[in-house]
Structure formats: C-alpha cells, structure tokens
Amino acid sequence: MKLIPLLFMFLLIKISLTQAQDLQILEEGNMKVEFSLSQDTVRLLIEAPTTGWVAVGFNEKNDIVHTDLKMMRVVEGRGEAEDQYVQGPGVHPQDLEIGGKQDVYVSSASEMNGKTLLEVKIPSHTGDRFDFEVNKGESLWLILAYSVSDDFDHHSRWRRHFEVTF
C-alpha cells in the first residue's frame, strides 16, 4: 500500500526542515507552508488541499505583478516545477522564455486524499533578473496560491499574500 511510504517520506521531509535554521510556518485556508533559509537555499514544505497546481511567489511589493512565481504540480506521481515571472494579470511566461533560468527544484512530491505535498528548493541568489534575492533578515511578500487543475494557465482557486522576514 502507498500510504506507509508517503507518510514516511513526509516525516523525513518534516525532520529535515525542522533541523534547518529559522523555520517559519504560514497556515491559512487549509494551505500550509513551512519555509526556511539556510546558507544559499530557500526550502519549502507545502501542503495544499488540491490535486492541481500549487504556487509560491516572491515580490518586494504586495502585488502579483512583477512576482517571481514558482509553480509546481504532481503528474503521474512525479513533481514538476516551472519558474515564471508575472508581467501582468494572467501573463506569466517561464523565465526560460524571456531570457532567465529555471530556478526551482522539487525534491519530493505526492498527492494523497485530495491533498498535494511538496518539498521545494530554490537558490536564494540566482543571478537571474527575474528572480528575487532572498536574504536573511530582509522582508519580502510571499504569495501562496493553488488551483483545482494541473494546467499552469488555469486560474487560482485560492491566493493570499503574506509579508515575511527570512
């Protein structure tokens, strides 16, 4: 049965994030994100009440426009991610399409009982002009969202913005 390996994987992820410095937790609307900055990597553990895509964005302002958007989904049991940049409402091409780099990596992913669980790693300094630098002690707006569809062009069902200090 798949339940035991998935629970074990989630426990291992939880332990690795708990050991990271400055673990923070955001929880609202049945979406939970645990995040930390250690050395040169932002680590995220995401739990969302969907089997569609999940997104995390970074911005200096409380705005979706000019957001460094990381979109993830689980397809056939594997995690997939795209690094995107929001140019305007509904316009969010992949960084690769506009001269940037792919800078989001899914370490583990699963869907179970209508929920998506993801562990994601993002370099804190990429040199990509479409990515925000994440520095210890500095604030950014963290934008969380999810959809009912795996199609990255499908509109979000839920989205919230949080000002956080890493």
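None of the values given here were measured: they were computed from a predicted structure.

Draft legend 1. Up close: the overall build of the protein. Helix and strand content of the protein: one helix and 10 strands. Going residue by residue from the N terminus, the α and β elements of the protein occur as α-β-β-β-β-β-β-β-β-β-β. Within the span of the protein, comprising 166 residues, buried residues form 49% of the whole. Counting contacts in the protein only where the partners sit at least 6 residues apart, residues at least 24 apart contribute 53% of the total. Of the accessible surface of the protein, which amounts to about 8,500 Å², a share of 50% is contributed by carbon and sulfur atoms.

Draft legend 2. Local environment of the nonpolar core. Membership of the largest hydrophobic core comes to 29 residues, with the highest contact counts inside it found for Met31, Leu44, Ile46, Phe58, Leu144 and Phe166. When residues of this core are traced back to their parent elements, those giving at least two are strand S2 (31-38), strand S3 (41-48), strand S4 (54-59), strand S5 (68-75), strand S8 (115-123), strand S9 (139-146) and strand S10 (158-165). In this structure, Val65, Leu69, Ile143 and Phe152 belong to the second largest nonpolar core, which totals 10 residues.

Draft legend 3. Fine view of the environment of Glu60. For Glu60, the location among the structural elements is in the loop between S4 and S5. For Glu60, a relative accessible area of 60% corresponds to the exposed category. The sequence separation of Glu60 and Phe132 amounts to 72 residues, and the corresponding C-alpha distance is 8.1 Å. In this view, Glu60 contacts Phe132, Leu140 and Trp141; residues no more than four positions away in its chain are not counted.

Draft legend 4. Local environment of the layout of surface pockets. Looking at the largest pocket, its volume works out to about 300 Å³. In this structure, the largest pocket is lined by 18 residues; those nearest its centre are Ile64, His92, His155, Ser156 and Arg159. Among the elements of the structure, S5 and S9 are those that each provide at least two residues to the lining of the largest pocket.

Draft legend 5. Highlighting the packing of aromatic side chains. Following the criterion strictly, the structure yields four aromatic pairs and no others. Judged by centre distance (5.2 Å) and plane angle (55 degrees), the ring pair of Tyr85 and Phe130 falls under tilted. Of this pair, Tyr85 sits in strand S6 (residues 78-85) while Phe130 sits in the loop between S8 and S9, and the two are 45 residues apart along the sequence. The two residues Tyr85 and Phe130 agree in class, both being buried. Ring pairing ties together the aromatic residues Phe35, Phe58 and Phe166, which thus form one cluster.

Draft legend 6. Inspection of unusual backbone geometry at higher detail. One non-glycine residue, Glu76, lies in positive phi territory at about 50 degrees. The topology assignment puts Glu76 in the loop between S5 and S6.

Draft legend 7. Structural detail: empty space enclosed by the protein. Tallying each qualifying case throughout the model produces two cavities of 30 Å³ or more. Taken together, Val42, Phe58, Asp68, Lys70, Ile122, Pro123, Ser124, Asp131, Phe132 and Val134 form the lining of the largest cavity. Class assignment of the residues belonging to the lining of the largest cavity gives a composition of six nonpolar, one polar and three charged.

Draft legend 8. Representation of the pairing of S3. Among the eight residues in S3, seven count as buried, and that is most of the element. Bridging between S2 and S3 involves seven bridges; their strand directions are antiparallel. In the sheet register, Glu34 faces S3, and the bridge partner there is Leu45. Between S2 and S3, which follow one another and run antiparallel, lie two residues, and Gln39 among them has a positive phi close to 55 degrees. When S3 meets S8, the two strands line up antiparallel, connected through eight bridges. Its bridge partner being in S8, Thr41 is matched across the sheet by Pro123.

Scoring rules and cut-offs
Residues numbered from 1 in each chain as written. Predicted model: local features only at pLDDT ≥ 70, side-chain atom pairs only at ≥ 80, totals over all residues. Heavy atoms only, no water. Helix = DSSP H or I, 4+ residues; strand = E, 2+ residues; numbered from the N terminus. Buried < 20%, exposed > 50% of the residue type's maximum accessible area, 1.4 Å probe, protein only. Contact = heavy atoms within 4.5 Å. Areas by Shrake-Rupley, 256 points an atom, 1.4 Å probe, with all protein chains shown as cover. Core = buried A, V, L, I, M, F, W, Y, C linked by side-chain atoms within 4.5 Å. 1 Å grid on protein atoms, 1.4 Å probe; cavity = no way out; pocket = protein on both sides within 12 Å on 5 of 7 lines; lining within 4 Å. Points joined across faces, edges and corners; volume = space filled by probe spheres on them. Phe/Tyr/Trp six-rings, centres within 6.5 Å; stacked < 30°, edge-to-face > 60°. Nonpolar A, V, L, I, M, F, W, Y, C, P; charged D, E, K, R; others polar. Pairing = 2+ DSSP bridges.

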